[in-house]
Amino acid sequence: VALKGAGGASSRTRAALAHARCVRPEGGLAAVGSDSSSSTRRARSARQWPWSPAARDASTSSTTPHAARRGGGGFLPDSEPSRPPQTQRRQGPRPVKKRFNGDVALDPRSLKDKRRDDEGQRLSKALAALGVASRRASEELIFAGRVQVNGVTVTVPQHAVSTSRDVIAVDGKVVEGGLSSLGDAGHLYFLLHKPKGYLCSSKPAGAGARARDQDRLVLDLFEDWRVGWRKKHPGKLPPRLFTVGRLDVNTTGMLLVTTDGQWCQRVAHPSSQIPKSYIVTAATRPTKAQIKKMAEGCEVDGVHVTPLRVESMEGARDGGPAHRILVDVVDGRNREVRVLSASAGVDVKKLKRVRVGGLRMPSELPIGKYMTLKPHQVGYVLDRGLAMNEKAADATGGMMGKVY
């Protein structure tokens, strides 16, 4: 550095300058890399870069006494160095840590199912969950002595069982499958375009109805789904399907089918105030007086009911016939729309349901076919705000599921 700072001086002059810089004030020589040379470099760096660590060290060394720097406890030379506080010793036994057992990660439904398996449930309810039959039909099987639990015949429907621990058999054959085979997939939800002439029931009406060709059930339209289920789960019963509400044998249109009993109860019960939309095709063009009469309501099953909306569909965007009436109801009583029409003198030629809640039946779905509902579509059914919004309801009417 000294040689470089000498500039264009002669070699003898540069050597003298280098010797003078290496000589200490006491007369001794300073070795290369000694404390004086390092302190010189730090001082020069502090002057060039005031915010550098070297500048902070230089300012500290110039203002803080040596004793205080050695102690590190304060500004006075005799101050004690600062030390972290001592950790208190544990008193008593070591606390037991809570170990992860998997229940923390379970959702409320899984916790309820786990608690139900631990505490047990009614035998009739367990048979219905396994897909054997409905609760009422399961009770008949139990009373007949056809059900065995762990090899012992049980004739009491209230007998507590656990589907995960107990072995349940019907007529000597072990029963497996049902809702337990769904696993993490959860319940199943379908939308069926119900054709005319099918009953919303789990069993035929009898020999008299058979002669009138009314023994066809809407659940028979899901036979291809059952066949596919048995191929994927050999030796197990498919989950039991049931309809959400009912449509009479001559009514067509949208019908929901599921394995979720709680969701079915919420949708079908009148307290949920879920609107259902029907299109009435009259034999003749309805008058304004008839439409007003229908909007006033009438008595159905001993209770006066009033529809949410009654409008003429003359000039509708779908280009259908003019003698159609759109009716929205929430009560869901037996043959409610037909009774409302008859009270106003309207001769019903066709009746079709097109909407439940905020979900509309896609126009592309053929008669007699069904589609699986996605989670957001299941939520549309219970969305009352979406049900009252016609533009949003129209937007949800597209094909958004798998058609069978």
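## Section: the overall build of the protein chain
Item 1. Counting secondary structure elements, the protein chain contains 16 helices and 17 strands.
Item 2. Evaluated residue by residue, the protein chain yields a buried proportion of 35% over its 404 residues.
Item 3. Accessible surface for the protein chain amounts to roughly 25,300 Å². Of this, 52% is attributable to carbon and sulfur atoms.

## Considering the sheet that holds strand β3 (residues 152-153)
Item 1. With respect to topology, four strands assemble into an open sheet ordered β3-β2-β5-β6, the strand pairing being antiparallel. What marks the edges here is a single partner per strand, and that holds for β3 and β6 (173-174).
Item 2. With two bridges connecting them, strand β5 (residues 168-170) and β6 associate as antiparallel partners. Across the sheet, the residue bridging to A169 is V174, located in β6.

## Some details on the pairing of strand β15 (residues 348-356)
Item 1. Across two bridges, the pairing between strand β9 (residues 252-258) and β15 is parallel. Within β15, the residue paired with G253 across the bridge is R353.
Item 2. As paired elements, strand β10 (residues 276-282) and β15 share seven bridges and run antiparallel to each other. Bridging across to β15, T281 finds its partner in K350.

## Quick word on the pattern of salt bridges
Side chains that carry opposite charge are capable of pairing whenever their charged atoms lie near each other.
Item 1. Within the structure shown, the criterion is met by seven salt bridges.
Item 2. The residue D171 makes a salt bridge to R146 at a minimum N-O spacing of 2.7 Å. Residue D171 is located in the loop between β5 and β6, and its partner R146 is located in the loop between α8 (135-143) and β2 (147-149); the two are separated by 25 residues in the primary sequence.
Item 3. Judged by its relative accessible area of 35%, R146 is partly exposed.
Item 4. Residue E314 is joined to R285 by a salt bridge in which the shortest nitrogen-to-oxygen separation is 2.1 Å. Highlighted residues: E314 in the loop between β13 (309-312) and β14 (324-329) and R285 in the loop between β10 and α12 (288-296), separated in sequence by 29 residues.
Item 5. By relative accessible area, E314 is classed as partly exposed at 43%.
Item 6. Residues participating in the shared-partner salt-bridge network are R309, D328 and R355.

## Some words on the packing of aromatic side chains
Item 1. Inspection of every chain in the model, using the stated rule, returns six aromatic pairs.
Item 2. By the ring-pair criterion, three or more aromatic residues cluster together here, those being F190, F222, W225, W229 and Y370.
Item 3. A cation sits over an aromatic face here: R216 above Y198, 4.6 Å from the ring centre.

## Focus on the confidence of the model for the protein chain
Item 1. Looking at the protein chain, pLDDT values average 75 and 64% of them are 70 or higher.
Item 2. Within the model, pLDDT remains below 50 along residues 207-212, and this stretch shows three contacts once partners closer than five positions in the same chain are excluded.

## A short note on the environment of V303
Item 1. One can find V303 in strand β12 (residues 303-305).
Item 2. With relative accessibility at 34%, the residue V303 sits in the partly exposed group.
Item 3. Sequence-wise, V303 and R333 are 30 residues apart; in three dimensions their C-alpha atoms are separated by 9.7 Å.
Item 4. When sequence neighbours within four positions are dropped, the list of residues in contact with V303 reads C298 and R333.

## Observations concerning helix α11 (residues 261-268)
Every α-helix carries 3.6 residues per turn, so stepping three or four residues along brings you back to the same face.
Item 1. Taken residue by residue, α11 has W263, C264 and V267 as its buried positions. Around the axis of α11, the buried residues are gathered within 100° of arc, so they sit on the same side.
Item 2. For α11, the elements touching its buried residues are β7 (189-194), β8 (242-243), β9, β10, β15 and α14 (375-381).
Item 3. Here α11 starts with a cap whose side-chain oxygen sits 3.3 Å from the backbone nitrogen of Q262, and that cap is D260.

## Concerning the side chain of Q377
Item 1. Tracing the chain through its elements places Q377 in helix α14.
Item 2. Note on Q377: relative accessible area 1%, which makes it buried.

## Brief notes about the side chain of E336
Item 1. As for its position among the elements, E336 is in helix α13 (residues 336-343).
Item 2. In contact with E336, other than residues within four places in its own chain, are V300, V305, V329 and D331.

## What to know about α12
Item 1. Taken residue by residue, α12 has Q290, I291 and M294 as its buried positions. Relative to the axis of α12, the buried residues are bounded by an arc of 100° and lie together on one face. Set apart from the buried face of α12 by more than 90 degrees, the exposed residues are K288, A289 and K292.
Item 2. Close packing links the buried residues of α12 with β13, β14 and α13.

Conventions used here
- Residues numbered from 1 in each chain as written.
- Predicted model: local features only at pLDDT ≥ 70, side-chain atom pairs only at ≥ 80, totals over all residues.
- Heavy atoms only, no water.
- Helix = DSSP H or I, 4+ residues; strand = E, 2+ residues; numbered from the N terminus.
- Buried < 20%, exposed > 50% of the residue type's maximum accessible area, 1.4 Å probe, protein only.
- Areas by Shrake-Rupley, 256 points an atom, 1.4 Å probe, with all protein chains shown as cover.
- Pairing = 2+ DSSP bridges.
- Salt bridge = Lys/Arg side-chain N within 4 Å of Asp/Glu carboxyl O.
- Phe/Tyr/Trp six-rings, centres within 6.5 Å; stacked < 30°, edge-to-face > 60°.
- Lys NZ or Arg CZ within 6 Å of the ring centre and 35° of its normal.
- pLDDT = per-residue confidence, 0-100.
- Contact = heavy atoms within 4.5 Å.
- Arc of directions from axis to C-beta.
- Polar contact = N/O pair within 3.5 Å; in protein donor to acceptor, adjacent residues only side chain to side chain.

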